[in-house]
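# Working through the structure, step by step
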Amino acid sequence: MASKSTRQCWLMKSEPDVYGIDALERDGETLWDKVRNYQARNFMRDTMRVGDDVLYYHSNAEPSGVVGLARVASGPEVDPTQFEKGEYFDPLASRAEPRWFGVRVRFVERFRQPVTLAQLKADKALKGLLVIQRGQRLSVQPVEPKHFDRIAALGRGGGK
DNA sequence: GCCAACGTTGGC
DNA sequence: GCCAACGTTGGC
């Protein structure tokens, strides 16, 4: 377990057509719900802390890439969609024992230019970044602070 | 516990 | 639209 003073950074994926950074900017803050992957859930439920830095990543986009920054704005909250009829209903979840959790995510800034996946892959300073690894599908992933800072610099137009 | 079948993710 | 990679499910 990380100590309280350790800085934690993350990358969170969303499809722009589903909930892109425009939607987050408009809403200011949103509950990151509908995640149905245990590893991603565990990060949100067990590891994230309020104030953690988040890279906002557009997947299935043209181009895919990091489009801005956000921040973790709450501890874990029960994902209400697990109880609602529809795509995200989970018959094994109960109010007493919910299975799915999310955190609140707050908009911080939108990059002038997205930092594309191709750019991320080409950058030697980003070696080890999970999102550029083949087959990496996790929608919530940890990011090293130095990688976060590098990508933020690229997004703000510097760093080349 | 193994593993084949299936569904999903997401780049291309 | 294709398909590789991965997670989940379920038969045995």
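Please refer to the structure higher up on the page.
Read on for an overview of the structure. Source: prediction; values computed, not measured. (Residues numbered from 1 in each chain as written. Chains lettered and ligands numbered in written order. Predicted model: local features only at pLDDT ≥ 70, side-chain atom pairs only at ≥ 80, totals over all residues. Heavy atoms only, no water.)

## What about the protein's contact with DNA strand B?
Quick note on the threshold: Nearness of a residue to a molecule or strand requires only that one of the residue's heavy atoms be within 4 Å of it. Whenever a nitrogen or oxygen atom comes within 3.5 Å of another N or O atom, the pair is scored as a polar contact, on the condition that within protein one atom can donate a hydrogen and the other can accept it, and that pairs from neighbouring residues in sequence are kept only if both atoms are in side chains. Just so you know the grouping, Ala, Val, Leu, Ile, Met, Phe, Trp, Tyr, Cys and Pro go in nonpolar, Asp, Glu, Lys and Arg go in charged, and all remaining residues, Gly too, go in polar.
DNA strand B sits among Lys13, Tyr57, Ser59, Asn60, Ser64, Leu117, Lys121 and Arg137. Interatomic distance of 3.1 Å between a backbone N/O atom of asparagine 60 and a phosphate oxygen of DNA strand B. Of the residues that constitute the surface near DNA strand B, the class distribution is 2 nonpolar, 3 polar and 3 charged.

## Here's the deal with the nonpolar core
Operational definition: The criterion is simple. A nonpolar core is a set of buried Ala, Val, Leu, Ile, Met, Phe, Trp, Tyr and Cys residues joined through side-chain atoms within 4.5 Å. Burial classes follow relative accessibility: with a 1.4 Å probe on protein chains only, a residue under 20% of its type's maximum area counts as buried, one over 50% as exposed, and anything between as partly exposed. Strands here are runs of E lasting at least two residues and helices are runs of H or I lasting at least four, both read from the DSSP assignment and numbered beginning at the N terminus. Contact criterion: two residues are considered in contact whenever any of their non-hydrogen atoms come within 4.5 Å of each other.
If you look at the biggest cluster of nonpolar residues, it comprises 22 residues, and the most contacted ones within it are Met12, Trp32, Met44, Met48 and Val140. Going through the elements one at a time, strand S1 (9–14), helix H2 (21–27), helix H3 (38–47), strand S3 (53–58), strand S4 (65–72) and strand S7 (104–116) are the ones with two or more residues in this core. With near-sequence residues (within four places) excluded, methionine 12 lies in contact with Trp32, Met44, Met48, Val54, Leu55, Tyr56, Tyr57, Val105, Ser139 and Val140.

## A word on the protein's contact with DNA strand C
Around DNA strand C, the neighbouring residues are Tyr38, Arg134, Gly135 and Arg137. Those atoms of DNA strand C that come within 4 Å of the protein belong to sugar or phosphate at a rate of 74%. Between a base oxygen of DNA strand C and a side-chain N or O atom of arginine 137, the distance comes to 2.6 Å. Residue composition of the surface near DNA strand C, grouped by class: 1 nonpolar, 1 polar and 2 charged.

## Observations regarding the layout of surface pockets
Keep this limit in mind: In this analysis a 1.4 Å probe is tested at points of a 1 Å grid over the protein atoms alone, and where it fits but cannot get out there is a cavity; an open set with protein on both sides within 12 Å along at least five of seven lines is a pocket; lining residues have an atom within 4 Å of a point. Grid points are joined across faces, edges and corners, and a volume is the space filled by probe spheres set on the points.
Looking at the largest pocket, its volume works out to about 700 Å³. Forming the walls of the largest pocket are 21 residues, and the residues nearest its centre are Lys13, Ser14, Lys34, Val35 and Ser139. Counting residues per element, the ones that place at least two in the lining of the largest pocket are S1, helix H1 (16–19) and strand S2 (29–31). Residue composition of the lining of the largest pocket, by class: 8 nonpolar, 7 polar and 6 charged.

## Focus: the pattern of salt bridges
Basically, it comes down to this: Each reported salt bridge corresponds to a side-chain nitrogen of Lys or Arg within 4 Å of a carboxyl oxygen of Asp or Glu.
Applying the stated criterion across every chain, the model contains 13 salt bridges. The closest approach of N and O atoms between arginine 45 and aspartate 46, which form a salt bridge, is 2.8 Å. Residue classification places arginine 45 among the partly exposed residues on the basis of a relative accessible area of 32%. One salt bridge in this structure joins aspartate 53 and arginine 71, with 3.1 Å as the shortest N-O distance. Of the two residues, aspartate 53 is situated in strand S3 and arginine 71 in strand S4; the sequence distance between them amounts to 18 residues.

## A closer look at the pairing of S7
The test is simple: Should DSSP find at least two bridges between two strands, the strands are regarded as paired.
Bridging between S2 and S7 involves 3 bridges; their strand directions are antiparallel. The residue bridging threonine 30 from the neighbouring strand is valine 105, located in S7. Across 7 bridges, S4 lies against S7 in antiparallel orientation. In the strand pairing of S7, valine 66 is matched with valine 115.

## Concerning the sheet that holds S3
What holds strands together in a sheet is hydrogen bonding between their backbones, with the strands either parallel or antiparallel. What counts here: Fitted lines through C-alpha atoms serve as axes, helices being fitted only where they are in contact, and the angles separating the N-to-C directions of these axes extend from 0 to 180 degrees.
Across the sheet, which stays open at both edges, the 6 strands sit in the order S2-S7-S4-S3-S1-S8 with mixed pairing between neighbours. A strand with exactly one partner marks an edge of an open sheet, and here the two such strands are S2 and strand S8 (140–143). On average, each strand axis in the sheet is tilted by 35° relative to the strand beside it, whichever way the strands run. Two elements, S1 and S3, share 6 bridges in a ladder whose sense is parallel. Note that in S3 the partner of leucine 11 across the bridge is leucine 55.

So yeah, pure geometry; function would need other evidence.
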